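Below, each chain spelled out in residue letters.
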Amino acid sequence: MLDSALSRIQNDLFDVGADLCTPGSGKGPGGARLTVTQAQVTWLEGEIDRLNAMLAPLKSFVLPGGSVAAAYLHLARTICRRGERLIAELKDRPAESVTPEVLKYVNRLSDYSSLQAVTPNGNGERDVLWCRARIAERR
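Below, the structure is looked at part by part. A quick note: this is a predicted structure, and the numbers were derived from the prediction, not measured. (Residues numbered from 1 in each chain as written. Predicted model: local features only at pLDDT ≥ 70, side-chain atom pairs only at ≥ 80, totals over all residues. Heavy atoms only, no water.)

1. A short note on the overall build of the protein chain
Filter applied, for reference: Under the scheme used here, helices are H or I runs from DSSP no shorter than 4 residues and strands are E runs no shorter than 2 residues, and both carry numbers assigned from the N terminus. Buried residues are those whose accessible area, probed at 1.4 Å on protein chains only, stays under 20% of the maximum for their type, while exposed residues exceed 50% and partly exposed ones sit between those limits. We call two residues in contact when some of their heavy atoms are within 4.5 Å. Methods summary: accessible areas were calculated by the Shrake-Rupley approach with a probe of 1.4 Å, and residue burial reflects only the protein chains presented.
On a plain count of helices and strands, the protein chain comes out with five helices and two strands. Along the protein chain, helices and strands appear, N-terminal first, in the series α-α-β-α-α-β-α. The buried share among the 139 residues of the protein chain stands at 32%. Put simply, of all contacts in the protein chain between residues at least 6 apart along the chain, 73% involve residues at least 24 apart. Accessible surface computed for the protein chain: about 8,900 Å², of which carbon and sulfur atoms make up 58%.

2. Details of helix α2 (residues 38-54)
Our working definition: Expected span of a helix: the number of residues minus one, times 1.5 Å.
Between its first and last C-alpha atoms α2 spans 25 Å; for 17 residues at 1.5 Å apiece the expected length is 24 Å, and the two agree. The elements touched by buried residues of α2 are α1 (2-21) and α4 (100-116).

3. Points about the environment of Arg 132
Structurally, Arg 132 can be placed in the loop between β2 (128-129) and α5 (135-138). Between the C-alpha atom of Arg 132 and that of Ser 60, which follows or precedes it by 72 residues, the distance is 9.5 Å.

4. Comments concerning the packing of aromatic side chains
Cut-off, in case you're wondering: Pairing of aromatic side chains requires ring centres within 6.5 Å, counting the rings of Phe and Tyr and the six-membered ring of Trp. Pairs whose planes differ by under 30 degrees are stacked, by over 60 edge-to-face, and all others tilted.
Enumeration according to the criterion identifies one aromatic pair in this entry. Taking the centre distance of 5.6 Å and the plane angle of 70° together, the rings of Phe 61 and Trp 130 count as edge-to-face. In this pair, Phe 61 is assigned in the loop between α2 and β1 (62-63) and Trp 130 in the loop between β2 and α5, connecting sequence segments 69 residues apart. On the accessibility criterion, Trp 130 (39% relative accessible area) is partly exposed.

5. Some remarks on the nonpolar core
So the rule is basically this: Nonpolar cores are built from buried Ala, Val, Leu, Ile, Met, Phe, Trp, Tyr and Cys residues. Side-chain atoms within 4.5 Å join them into one set.
Counting residues in each nonpolar core, the largest one holds 22 residues, and the members touching the most others are Ile 9, Leu 44, Tyr 105, Leu 109 and Tyr 112. Counting residues per element, the ones that place at least two in this core are α1, α2, α3 (68-91) and α4. Those residues within four positions of Ile 9 in sequence are excluded, and the remaining contacts are Trp 43, Leu 44, Tyr 105, Leu 109 and Tyr 112.

6. Some points on the environment of Cys 21
Locating Cys 21 in the fold gives a position in helix α1. Judged by relative accessible area, Cys 21 falls into the exposed class, the value being 57%. Sequence separation between Cys 21 and Ser 97 is 76 residues; the distance between their C-alpha atoms is 9.3 Å.

7. Focus: the pattern of salt bridges
This is how the line gets drawn: Salt bridge criterion: a side-chain nitrogen from Lys or Arg within 4 Å of a carboxyl oxygen from Asp or Glu.
Under the definition given, this model contains five salt bridges. A salt bridge links Glu 45 to Arg 108; the shortest N-O distance between them is 3.0 Å. You can see Glu 45 sitting in helix α2 and its partner Arg 108 sitting in helix α4, a full 63 residues away along the chain. For Arg 108, a relative accessible area of 22% puts it in the partly exposed group. Its salt-bridge partner being Arg 81, residue Glu 84 comes within 3.1 Å of it at the nearest N-O pair. Placement of both Glu 84 and Arg 81 in helix α3 is noted, with a separation of three residues, approximately one turn of the helix. Judged by its relative accessible area of 27%, Arg 81 is partly exposed. Each of Arg 81, Glu 84 and Asp 111 takes part in salt bridges that share partners, so that together they form one network.

What follows is the structure, given as structure tokens:
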């Protein structure tokens, strides 16, 4: 299931790149701009809802780790968040054109990666949980 989802996401990320690199009209058929669509965002939101329904509610932040696959999915989440910040900055530049769907897609992709990261850790049973350190322990 994860493999097919990641395959679709890889294809969608090419659309993200095309959307970002061609402000205004693009070079697609008839000069149409290739953009991320609301359907792509909706599909990702559906995957997030599906994963959320399978997991117990979080009671703590989850740290990257547990298994190698989980750590890589957490890394993907952080990269998506960084990309989201850069895209938001790009959107505010006068000569640029960023569609709302691109920003939504990348935002949802980080959520998806975070949720998917618990799967290799026994659906969260072997997650590494954050514990707030006491001030005295930090010294």
